[in-house]
Structure formats: C-alpha cells, structure tokens
Amino acid sequence: ANRSCTDLWCLPFLLVAWLAYLVVTFMGFADGNPAKLYLPRDYSGAYCGVETNWNSGPNTLNFPYLSFTMNATATTDVVVKQLLCSTAGDSVIQTLGLTTASYDSYLCACCKVPCDSCRSSYQFSDVSSVTDLQSTVTGKMQEIRGAVSPSSLFSPSGSNGDFFTNMWSEATKYFNLVCLPDCNTNFDTSNSSTTPRTWTYEMAEDNPLKTYWDLLKTSGSLQTAINDQFTFTALPLSLCPYSENKCIPMPGVEFSAASLNYCSFKMSSDVISAVGSSAAETFESLAVQSFTESESLGTLLGEFEKSIDAFIIVALMCFVIGFIYIVLLRFLIGPCVWCAVLLVLLSLLLGGAACYIKSFQCAGVSIFETGQQVAVAVTVTVEVATTNAVTGQVSSEELTGDGSTYTGVQYRTKNGYACETWGSGVAASYTSTTYSTLVGANNYCRNPYLASETNRASTIWCFTTDPTLRWEECTPVGVIQPVCSAGYAVTSEDVRKVLEICSYVIWALAGVYVLMVFCFFGRIQLAIAVNKVAATFVSHTFRIIGVPIVQAFVGILWILLWGVSVSFLVSQVPTDYSPTTAYATYAEAYGTSNETGACTDKWPTGFVYKDEGNCQTLENNEVGCWKCAPPRYVFDYRFAVSFFVFLWNNALNIAMGQCIIAGAVGVWFFTPNAEKGKNSPIKRSCWNVFRYHLGSLAFGSFIIAVIKFIRYLMNYFEKQAKAQKNKVMALVLRCLRCCIWCFEKCVKFLNKNAYIQIALMGKNFCTSAKAAFWLILRNALRFGTIGILSYMVDMIGLFFIMATSVGLGYLVHQGLHPEAAPLIPMIGFVMMSYVVAKLFLNVFGMAVDSTLQCFLACEEMELSGDFVPSAMAGWLDKNKKIEDVHKD
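Anyway, here's the lowdown on the structure attached to this text.

## Some points on the overall build of the protein chain
When you go through the protein chain residue by residue, the secondary structure sums to 29 helices and twelve strands. With the C-alpha coordinates of the protein chain rotated into their principal frame, the extents come out at 110 × 80 × 55 Å. Taking all 888 residues of the protein chain together, 48% fall into the buried category. Of the contacts made within the protein chain by residues no fewer than 6 positions apart, 74% connect residues no fewer than 24 positions apart. Carbon together with sulfur atoms contributes 62% to the accessible area of the protein chain, which is approximately 41300 Å² in total.

Structure follows, in structure tokens:
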C-alpha cells in the first residue's frame, strides 16, 4: 500500500538505447548480405553461385553447388613416397650419379635414416625389386586414376589395400572443396565429356623430394612408369571453373544434394556392390562428419533452415521436461541436496586428475595418446624393476644430449613398438663392428652414428619389428611423463608446474571438503528445509511456471530478431580487410607461433590456401603461391551498439522474472497457512513490478549489461592480441577478463538479492542493494551454505533438462532428417535447452533465495504467526525463540 515508483529516470535511457539499436539495424539493411554467412565457399574462400568474387576469384554464377574433387597430391602421396623411398627406388637413385652430399640429402628427405627433419620413417610396404615396384605403382595408380573398375579402389583386396577404406575420417585431406553446376558432376561426367582436360602430377616446389622426383621423370628405369601412370583426366572448364589439378573427380564417389546447395557424399553402385551397403554407408557418414567438423560457423548455419521443424519439436519437449523436473523437486529435494554434495566431491577429485594430466600433455597429442605413452612407460619401468630385483642387476638410464652415450635397457619405442635386435632384420647394417655404441646393445634403444655421418637422430631410437613402421624414437626407462620434442600443450613451464601443484591442492581441498560437510551438517539440514519450503511454494503456486514460459518466449523471440538484424551488420566485410597479394611461404601468409602472418594479423581471421595453379612472381623473384581468404564476418561499432542493447534487454528480461517470482514468494510466505495455495500471488507481484519498479529493474540490468559488455570487449581485444602474437597482452587481457567475470558474478548475486528486497520492501535499487549487501554480510555462512547447495541442485537440474532434451532432440532430428549433418541442430538444441532450463530453474532458485530472505526477516524483525511454513517453524524457534520474545 505504501509503494511508489522507483528509479523512473532510467526508463528514458532505455528508450534511447532501443532507438540506437533501430538506427544501426537500418544501417545494416542498406549494405549487408546475410547470405554470405551461409553460402557455400570453395577452397579459396570464393562463394558458390556468385559472379564476382573477392580478389578476382572465379566466376561461379553457374556453379552454385559446393561439391568435391580429388586432391591428387594427397591421394598419391603414399604411392609417390613408396616409388621414391623404397629399396627399389633407392637402388635406381643410386644409379643416377648423385654426389655423397646429395645422396645423404635424399636419405634424409625420405626419412630412411634418423635426421632432424624426421620423427620416424615413412610408413609404407617396402619393395626391393624395380620390376615389382613398377608393377605395384602401376596397379595403385590405375585404381586412383579410374583406369580400372572403381570398386577395386575401395576394396581391401585391391592394389591400394585398405588405404582408401580408412581415409574417410580425414576426407578434408583427400578432397578439394569446389563449386560445380550440380551434385551429379562426378567421375562418370568426366568420362562422358567430349572436351576433358588432363593434368600430369607435379610435386610442390617446397617438397624436399621434388629434386629426386624430377630426376626420375627424365632418367632411370622408373621414367616410363612415372610418365604413364601419373596423368589424370580432369573436368572441362564448362563444368569446373578451376585449373586442371582442382577438377579431378574421385573414381567411385558420387554426390547427392543436401541443404542450401551443399553436396553430400554417396558411393557409386560399383563400389556398393563390391564392399556392401553397410560399408558404403560408413564411408559416406565418415566423410560427411569430417567435412562437418571442419566447416566454419557461418557455413554451417545453413543446416538450421532444414532442421527448423525438429527445432520446434525439441523446444516444446524442453518445456515438458522442465515441468517434470520442477514437480519432482518437491519430493526429491533431500536426495538432490545430498547428491549435490557428493557431486562436488567427485568434481574436486576429477578436477585434480585433469590438472595433473594437463601438466605434461604434449602439443598436438590427445590425452588418450598421452595416456598410452604413460602406460607404456609405466609397464616397461615396472617390468625392468622387477627383473632387476630378481637378478640383482642395476642398469643406468641416464640420457644426456642426443643420447649417443645411453646404455640403458629400454626395448620399446615411445608408442610401445618392440625393438628389433641390432645387426639383424631391418637393422642388419647397424652392427657393433661399425658402431661401437652397439656393443651389447641387444634390442635396446640407442642413437648410433659415426662422426662422418651428417644425418643424426635427436635422441635414442630403434628399428621396430612392425613391418609398417621402420623406426621410432624411444624414452629411457623410468621416464613416465612423455618427452615432448614438439613442445607441450601448455607452452609455459611455469604454468605446467602450477597445474601440477593445483592438482595436489585440489585433492587436498577434497579432503577439507569432506571435513566441512560433517562440520556444517546442521546448516545443510537448514538448506534442505529452505528448499522444501520453496518446493511447497512452487506446488501451491504452480502457475508461477508461466513466468519462465513467458520469459522463454520473449527471450527466444528477441534472440531470433536480434540474430536476423545483426547478420546484416557482421556480413559487411570490407574489400581491403585481407591482403590480395601472394606470399612465398606458408609462414609468411599464416604466421608462426611467434610471428604474425599477413593473412592472420587481426581477428576475425580468414584462412590461408595454396593456389598452386596461379602462383605469382614476387619482387624478389620468389614464387608466391600462398594467398589469403577473408572471413565471413567482421565486427564494427554498429555491432557494438546492437550487442549492448542485446545484453541489456536480456538482463532486463531476467530481472523482471526474478522480481516477479520474489514478490510472489513474499506474498505467499506471509499468507496464513490455512489460506496458502487458495489465491494466486502472481497477479499482485506483476502489478508491483510493472507499475512501480520497472525503472529499478532497468537500472540493475543496465549495470549487468555494462559489465558483460566490458568482459566481451576484453575477449575481443584478447583475440586481437593473439592474432598479433602478443602473448603478454593476451595474458593480461585474459586475466582482466577473468577478474571481470568474477566481479560480474558478484554483482549478479547482489542484484538478485536487491531485486528480492525491491519485491519485498518496495525501495529503489540503490537502497535495496545496500540492504541486501548488509543482510548477506550478517548471514554470510547461511547464504554461503544455502547458495552453494542450491547452485549444486541447479546444476543437477540443468544437466537433467539439457541431457534429456538434447538426447531426445538428436533422435527427433535423425528421424526427420537422417541425411543432414547434425552438428548445427545439436548446437541449437544445446543452446535452447540451456535457456529453457535456466528459466525454469530460475523459478526454484529464486523461490529458495526469496524464502531465505523471508526467513531472515522473521528472525531479525521478530515476526511470528500462523503464516510461517511448518518446515521453517522449528528453525525459527530454534534460532530466535520468537514466541518467547513476544511473551516478553
């Protein structure tokens, strides 16, 4: 009855922000093209179905479909290396009069001997006879060129073995992305064409084997095989607007049209007949998955259009699942709280394990591979220790420098391959007579070399007994953590040490946490009581669930509206954003770990590609083949304005829901127990919010929006610093972003409690925030305990709603669109289920927080009566003895 309007002055500023959003949106409508966010793009970044592409790209107006051609360089790589580096190829090379230095360079280029540029030998089946090599290369190349039935190419019994049956998980490596007139343009099309083109294999200029390849093309007994078997048939210009090497179709592979002019893999009838429909389907799905994982976000947005029906169905399912969870909370809140307690303990234990593993994970190596290497090291160490204990012998595992003086007993490579005995098998030429370090070496790892040899390994190694891997490096016995020659996943040694220490600290915290659970058992019981009262409120006022439904509807509608409007802004990439010149090396274009590349010196970043058919002569007479492709989107000041309004409206939507729920809890809590559930407090709460306190909520949400915007701005600057290879600035900005994130969490917590004070007391935002701050300070342990446990219950609910929604969503999507890639729809399902879950859990979470403040108000104001919920009355009597106070 005593309420009045609060913080009205903030509403005009909100209207000005909305006006600014409309202005920049109309500016985007003038020049933006959202189609650039999802139109297919070829290997060079050119859009399919566009007459004029960036940097004089190909005219693809009549080529609207993104399809695939064979990357002849990648598919023939193993064959070329087998031809050049096999024993037979080696014997031919030796007949061509190479100098000793040139022959040593050849051995290193082929990785036939340990040298600095190699980590292991090339993996292929060796051939010792020149005649057999010619026959082998001819058989393999006839399959690759399609000179024989395509079914043999994908059959394990073919000349290429299982190479092409296992390549599909790396399809991006063996196919070129090109724009074609339709998805039916394939190998059969090139055969039926009256004007086909041809392309003869040319090795890249930067390939160390090129010198020897060119030599074999013009002389030696392999000349005929090279010239006859390495000429491919390419699609004519009328069907493929690129150079010949980009227009070579893959035999046995066809394509079918997917959404938005994308083509999907399909095996030909010959291949299906040879390998079976199940295997063919596996090839297709692996290929689709490989390209799906490598596509840019802008390209994959096109999948959303086709999956809109599944999106709508899953949206409805999210609401149903949210309803079910809220109902279950009333009956299962006790077990949920104790489950949450156990989940925190489990999280601490797993977090410690993750930090420990991350502290020695190698760069470019997965956690599973690191685990395999550690397992091999531990197994060998235990086995050697056991043997030493039985025999009484102790061997030295000291390794210094390149390991030339190592005398240990390591007999397996770092990935577990057994070592071949020196002087026998593939190691026959490495005898103790020639290499003194091999005396008594048996099959133990060593690094033997003569002073006159120029090719030397960087550490100990051995020949393996596996016929597909000639040699590999080793680590000494007892070295459990792998030696990372290419660096660590975490590059800083200090950070790695911190991670290791953190793992021990986290495990110690897990022990402390167990003790705290026993010490705070009474407060945990209070938390359960508060949660039970909140669950009772939800069951008595079930229409409160309509608040998150309305919020979800408004939030999703606003996100979709903003997403459409901002797509016009971000799609306006300036023509001078990326350089149009070519570069001599990949490092110049893309950069290195420490140097900025010409194509990647700012964010958003495009990508780099090698245009071998259109190289340019640079000013220093070098040949430049590496070029830049621009990104699909950029950000400018107009996006900043639109994004800030987006954040403010989202925060305001959340604030209104929180205040409405808090007001409803307050009305319900102070209603006599006999009348609870008989009338709805929602109407009165909504009236108070929209009639009196909209300005205060806009003020509070403005503060949240400003903090969020600054955090995102720091993230933007951090990405720019990373693009500039400014590691110090990137670290500083990351630290600032983390600090801002912590500050944001604190302000959100204070704002939420300020909204509760506004709903209960009717004061303005600043007064309510001050009252909430002192209330939290006076009851810090209670707020902390209940807040932590409520957060854990919230996480359980979030996982339940999201996991159930996404799992069912995947089934729905696969049932409606089995041929479509599920990545983008699944991302949409995750985002949507997260939003809906948070809105539903906001009801229960706000009910808990509001109930706690009502309880504390009863304590501090010495209020009592029949309105106190039964689950809370005992706690009030226990803490303040309210009835006794009134008797006094």
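Back to the text.
## A word on the packing of helix α19 (residues 546-570) against helix α21 (residues 637-669)
With their axes 11 Å apart at the nearest point, α19 and α21 run at an angle of 180 degrees to one another. When the axis of α19 is compared with that of α21, the two are roughly antiparallel. Residue classes in the contact of α19 with α21 are distributed as 15 nonpolar, seven polar and one charged.

## A look at the side chain of R638
Note that R638 resides in helix α21. Among the polar contacts listed, one links the side chain of R638 to the side chain of Q572, at a separation of 3.1 Å. If we skip the residues at most four places from it in the chain, R638 touches V24, M27, L569 and Q572.

## A closer look at the pattern of salt bridges
In the structure shown here, the tally under the stated rule is 15 salt bridges. Linking E744 and R711 is a salt bridge whose minimum nitrogen-to-oxygen distance equals 2.6 Å. Residue E744 is located in helix α24 (residues 727-761), and its partner R711 is located in helix α23 (residues 694-723); the two are separated by 33 residues in the primary sequence. Comparing E744 with R711, the two get one shared label, buried. For D849, the salt bridge is made with K752, and the minimal N-O distance between the two is 2.7 Å. On the criterion of sequence distance, the pair formed by D849 in helix α27 (residues 823-860) and K752 in helix α24 is long-range, its members being 97 residues apart. The same class applies to D849 as to K752, namely buried. Among the ionic contacts, a cluster of salt bridges with common partners joins K708, R711, E744 and K748.

## Looking at the state of the cysteines
Scanning all chains against the criterion turns up nine disulfides. Covalently, C85 is tied to C110 through a disulfide, its sulfur atoms 2.0 Å apart. Looking along the S-S bond of the C85-C110 disulfide, the torsion reads about -75 degrees, which is the left-handed sense. Of this pair, C85 sits in helix α3 (residues 77-85) while C110 sits in the loop between α5 (100-109) and α6 (130-145), and the two are 25 residues apart along the sequence.

## A few points about unusual backbone geometry
Of note, the bond from W603 into P604 is cis; its omega dihedral lies within 30 degrees of zero at 5 degrees. Mapping P604 onto the fold places it in the loop between α20 (586-590) and β9 (607-610). Phi angles above zero are rare outside glycine, and D7 is one such case at about 55 degrees. Turning to its location among the elements, D7 is positioned in the segment before α1 (10-31). For D7, a relative accessible area of 12% translates into the label buried.

## Focus: the environment of A234
The topology assignment puts A234 in strand β4 (residues 231-234). Considering only alpha carbons, one finds A234 and P249, 15 residues apart in sequence, at a separation of 6.9 Å. The residues contacting A234, other than those within four sequence positions of it, are P196, R197, T198, E244, C247 and I248.

## Quick look at the nonpolar core
Core analysis: the biggest nonpolar cluster contains 113 residues, and I544 and F844 have the highest contact counts within it. Those residues within four positions of I544 in sequence are excluded, and the remaining contacts are F537, I661, A664, I682 and V843. With 67 residues, the next largest nonpolar core counts L83, F124, L133 and Y609 among its residues.

## A closer look at the side chain of R41
Inspection of the secondary structure puts R41 in the loop between α1 and β1 (65-70). Put simply, R41 is tucked away with no salt bridge, and the nearest opposite charge, on D42, sits 7.1 Å away. One polar contact links the side chain of R41 to the main-chain carbonyl oxygen of G45, over a distance of 3.4 Å. For R41, the residues in contact, after removing those within four places along its chain, are A46, Y47, L66, L177, F607, P630, P631 and R632.

## Points about the pairing of strand β2 (residues 175-180)
Burial runs high along β2: six of the six residues are buried. Where burial is concerned, the two faces of β2 agree: the one with F175, L177 and C179 and the one with N176, V178 and L180 are both buried. As paired elements, β1 and β2 share six bridges and run antiparallel to each other. Among the inter-strand pairings, Y65 is bridged to a residue of β2, identified as L180.

## Quick word on a nonpolar patch on the surface
Taken together, V320, I324, V327, L328, F331, L332, F542 and F800 make up a surface patch of nonpolar side chains, about 700 Å² in accessible area. In terms of residues, the nonpolar patch owes the most to one element, helix α15 (residues 308-358), which gives six residues. On the secondary structure map, L328 appears in helix α15.

## Examining helix α17 (residues 493-519)
In this model α17 runs 39 Å from its N-terminal to its C-terminal C-alpha over 27 residues, within 8% of the 39 Å that 1.5 Å per residue would give. In the core, the buried residues of α17 are packed alongside α15, α18 (521-540) and α26 (780-816). Two or three places before D494, at the opening of α17, S492 has a side-chain oxygen 3.4 Å from that residue's backbone nitrogen.

## Some remarks on the pairing of β4
Burial along β4 is one-sided: the residues F232 and A234 are buried and none of T231 and T233 is. Here four bridges tie strand β3 (residues 197-200) to β4, and the two strands are oriented antiparallel to one another. Bridge pairing links R197 to A234 in β4.

## What about the packing of α18 against α26?
Two measures define how a pair of helices packs: the angle their axes make with one another and the distance between the axes. It is the contact of α18 with α26, at a shortest axis distance of 9 Å, that shows an interaxial angle of 65 degrees. Read as a crossing pair, α18 and α26 show a hand that is right-handed. Every residue of α26 that contacts α18 at R523, I524, L526, A527, V530 and N531 is listed here: L781, R782, T785, I786, L789 and S790. Along the lines of polarity and charge, the residues of the contact of α18 with α26 split into seven nonpolar, three polar and two charged.

## Thoughts on the packing of aromatic side chains
Each pair of aromatic rings is reported with the distance of its centres and the angle of its planes. One pass over the full model with this rule turns up 53 aromatic pairs. Pairing W9 with F699 gives two aromatic rings, centres 5.0 Å apart and planes at 65 degrees, and the pair type is edge-to-face. With a gap of 690 residues between them, W9 in the segment before α1 and F699 in helix α23 connect regions that are remote in the sequence. Residue class for W9 comes out partly exposed when judged on its relative accessible area of 45%. Residues Y504 and W507 carry aromatic rings whose centres are separated by 6.2 Å and whose planes lie at 50 degrees to one another, so their mutual orientation is tilted.

Calculation criteria
Residues numbered from 1 in each chain as written. Predicted model: local features only at pLDDT ≥ 70, side-chain atom pairs only at ≥ 80, totals over all residues. Heavy atoms only, no water. Helix = DSSP H or I, 4+ residues; strand = E, 2+ residues; numbered from the N terminus. Buried < 20%, exposed > 50% of the residue type's maximum accessible area, 1.4 Å probe, protein only. Contact = heavy atoms within 4.5 Å. Areas by Shrake-Rupley, 256 points an atom, 1.4 Å probe, with all protein chains shown as cover. Axes fitted to C-alpha atoms, helices over the stretch in contact; angles between N-to-C directions. Parallel < 35°, antiparallel > 145°, perpendicular 65-115°, else oblique. Nonpolar A, V, L, I, M, F, W, Y, C, P; charged D, E, K, R; others polar. Polar contact = N/O pair within 3.5 Å; in protein donor to acceptor, adjacent residues only side chain to side chain. Salt bridge = Lys/Arg side-chain N within 4 Å of Asp/Glu carboxyl O. Disulfide = S-S within 2.5 Å. Core = buried A, V, L, I, M, F, W, Y, C linked by side-chain atoms within 4.5 Å. Lys, Arg positive; Asp, Glu negative; His and termini not counted. Pairing = 2+ DSSP bridges. Patch = residues over 30% accessible without salt bridge, like charges linked within 9 Å, V, L, I, M, F, W, Y side chains within 5 Å. Expected span 1.5 Å × (residues − 1). Left-handed = near helix turned anticlockwise from the far one by under 90°. Phe/Tyr/Trp six-rings, centres within 6.5 Å; stacked < 30°, edge-to-face > 60°.

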